[in-house]
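# Structure assessment
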Amino acid sequence: MQDDLDAPARKRPHNLAHDLVARLTQSILLGQMLPGDKLPSENSIVQEHGVSRTVVREAISKLQASGLVETRHGIGTFVIERATEQGLRLNVDTALGVRSILELRMGLETQAAALAAVRRTDQQLVLMREALDDYQKLLANNDSCVEADRRFHLLIAEATGNLCFSEIMQHLGSAMIPRTRVNAVERGAADLSKLGQLANLEHEAILNAIKRQDPDAARAAMWLHLTNSRDRFSAN
């Protein structure tokens, strides 16, 4: 009896389904699977992820309920176009608009970072690390690191396990990266390379807190990052 109590708990099927949903959702939200793309067959998913058919069917059902895929009987399951919400219109083409977006993100992403610290998977942590590594390499080569920056923030939203965070961040698109939105006249003499380096030091602090699974530290690190981003652009 004691041996049973000491043995590691088996991972429950619903947790396996949750993990599979997270992986497939990530592929869709990050654009690795586009609207119209067909998901791999049930057999392929079983073999690739090492789960049962029951888990695969449960995961597909959850993706359908989230409005990410649709199943066409006898053909397969396909990624579908997510409807654009007409009620949310954001002006991000001026410095004032950028600062407004950053204030919105301060509320949204501080909570996302805290939840991600508690709920993130090891695989999500690996992908966040890869995003920041890509960011640093691109910055060092004086290439645009916007995609890597955006990917890092989207991965944090996805790691919350709450699709609402991912959907809002996806809607913001490149508007979430301030230095891509302000025109040269408004930006003045701001050194974007220097801003990028400062931002990535703050990214590393966020990632370290998420890695430690410290929600308070993750929340504080994200708050500092977004506050600094707002202040850096307010100064120009």
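Residues numbered from 1 in each chain as written. Predicted model: local features only at pLDDT ≥ 70, side-chain atom pairs only at ≥ 80, totals over all residues. Heavy atoms only, no water.

By the naming in an unreviewed UniProt entry, the chain goes by FadR/GntR family transcriptional regulator and is assigned to Pseudomonas fungipugnans.

Below, the discussion takes up the pattern of salt bridges. Scanning the model with the defined rule gives 11 salt bridges in all. The shortest N-O distance in the salt bridge between arginine 53 and glutamate 42 comes to 2.8 Å. On the criterion of sequence distance, the pair formed by arginine 53 in helix α4 (residues 53-65) and glutamate 42 in helix α3 (residues 42-49) is long-range, its members being 11 residues apart. Judged by its relative accessible area of 40%, arginine 53 is partly exposed. A salt bridge links glutamate 147 to arginine 151; its shortest N-O distance comes to 3.0 Å. Taken as a pair, glutamate 147 and arginine 151 lie in helix α7 (residues 146-159) at a separation of four residues, close to a single helical turn. Classification of glutamate 147 by relative accessible area gives partly exposed; the value is 49%. Arginine 151 gets classed as buried once you look at its relative accessible area, which sits at 18%. (Salt bridge = Lys/Arg side-chain N within 4 Å of Asp/Glu carboxyl O. Helix = DSSP H or I, 4+ residues; strand = E, 2+ residues; numbered from the N terminus. Buried < 20%, exposed > 50% of the residue type's maximum accessible area, 1.4 Å probe, protein only.)

With that out of the way, let us pick up the pairing of strand β1 (residues 69-72). In terms of strand pairing, β1 meets strand β2 (residues 76-79) through four bridges, oriented antiparallel. Considered in β2, the bridge of arginine 72 is made with glycine 76. The antiparallel hairpin formed by β1 and β2 contains three residues in its connecting segment, where glycine 74 sits at a positive phi of about 85°. (Pairing = 2+ DSSP bridges.)

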